[in-house]
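Read off the chains here:
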Amino acid sequence: MGSKLRSEINFAALEAELNVAAEADGRYQRENDAKFRALHQKVATYEDFRQIVLASNLKPLEKHEKINIAGHTGIWNHALSTNNSAASVTSGDNDKAVHGHLPAPTTGPEFLKTWKRECKTFGDKYRLLVRTSSCPGTKQLMYFEICSAGLLGDILTVFCSEFQGRDLEPILLILEHLSCVDKFKLSLAFISSSESENCSKLFNKLEQALSADDEHEKNSELIDKLRLLEGKYKLQ
């Protein structure tokens, strides 16, 4: 009897049904948590709220997966893709990349590769960012991919930790570029509390550096830019 009953039960169908129910329950929990998080952050518009909820179901792409953004097709996770030649990179090559002897990256994959493979310290990452800001080939797509990779909080932390007054303009330029990409608001909504605190500290350092600047005419323009960025980074 028991054997006959087991043979009549489709365990594969039951398993599939259970997986569907578990996925639906997980989706509900993720979206519900995202709604509370969005309410707690007091997002400005319904669209911001909607994007946060939708993003709760995003999954990381594997290194072999491809995307197409504004006509750009390529491997998404270049920073994690490995091959024999990459494995043989020497410390001398790393030093060259960090200290500016190699061309500054002009695409997201190039930047992510250098950031993750060759920049071992905050100082290395800071120099890479400053060097990248002055590259005439830098494109908006690069900053889109940086935000998409979840590096906004890391960049704010690096700038806060390594800030030097002489780099005031490059830092403002990068902050401005990042704030103009489509995923900026979503990326900002997901930075941690410590990264948000570093963001506030960074803007305080920027303001102090501007106050000490004697070039009044140029200083006025930079102050206006700083005030605009404070609004975008929700510091007002």
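First things first, this report covers the structure right here in the doc.

Calculation notes
Residue numbers here run from 1 along each chain, matching the order of that chain's written sequence. Where local features are concerned, this predicted model is filtered to residues with pLDDT of at least 70; where side-chain atom pairs are given and counted, the filter is 80 or more; whole-chain, interface and lining totals use all residues. Calculated side-chain values reflect all of the structure's heavy atoms, with hydrogen atoms and water omitted. In what follows, salt bridge is the name for a side-chain nitrogen of Lys or Arg lying within 4 Å of a carboxyl oxygen of Asp or Glu. The helix count covers DSSP runs of H or I at least four residues long, the strand count covers runs of E at least two residues long, and both are numbered beginning at the N terminus. Buried, partly exposed and exposed residues are distinguished by accessible area as a fraction of the type maximum, computed with a 1.4 Å probe on protein chains only: under 20%, between the cut-offs, and over 50%, respectively. For helices, the axis comes from a line fit to the C-alpha atoms of the stretch in contact; other axes are also lines fit to C-alpha atoms, and the angle between any two N-to-C directions lies between 0 and 180 degrees. Any angle that is under 35 degrees is reported as roughly parallel, and any over 145 degrees as roughly antiparallel; angles of 65 to 115 degrees are reported as roughly perpendicular and all others as oblique. The handedness criterion is simple: a crossing whose near helix is rotated anticlockwise from the far helix by less than a right angle is left-handed, and one whose near helix is rotated clockwise is right-handed. The criterion used for residue contact is that any of the two residues' heavy atoms lie within 4.5 Å. For this scheme, ten residues count as nonpolar: Ala, Val, Leu, Ile, Met, Phe, Trp, Tyr, Cys and Pro. Four count as charged, namely Asp, Glu, Lys and Arg, and the remainder, Gly too, count as polar.

Points about the pattern of salt bridges
Here comes step 1: For the coordinates displayed, the defined rule picks out five salt bridges.
Here comes step 2: Across the pair Glu197 and Lys201 runs a salt bridge, and its minimum N-O distance is 3.5 Å. Of this pair, Glu197 and Lys201 both sit in helix H12 (residues 193-211), four residues apart, roughly one helical turn.
Here comes step 3: The class for Glu197 is partly exposed, based on a relative accessible area of 45%.
Here comes step 4: Using a relative accessible area of 39% as the deciding quantity, one classes Lys201 as partly exposed.

Focus on the packing of helix H9 (residues 152-162) against helix H10 (residues 168-179)
Geometry of a packed helix pair, given as the angle between the helix axes and the separation of the axes.
Here comes step 1: Two elements in contact, H9 and H10, have axes whose closest approach is 12 Å; the angle formed by their N-to-C orientations is 165°. With respect to H10, the axis of H9 lies roughly antiparallel. When the axes of H9 and H10 are compared, the crossing they make is left-handed. Across the interface between the two elements, Leu152, Ile155, Leu156 and Phe159 from H9 touch Ile171, Ile174, Leu175 and Leu178 from H10.
Here comes step 2: Residues that form the contact of H9 with H10 fall into these classes: eight nonpolar, no polar and no charged.

From the geometry alone we can't say anything about function, so treat these as descriptive.
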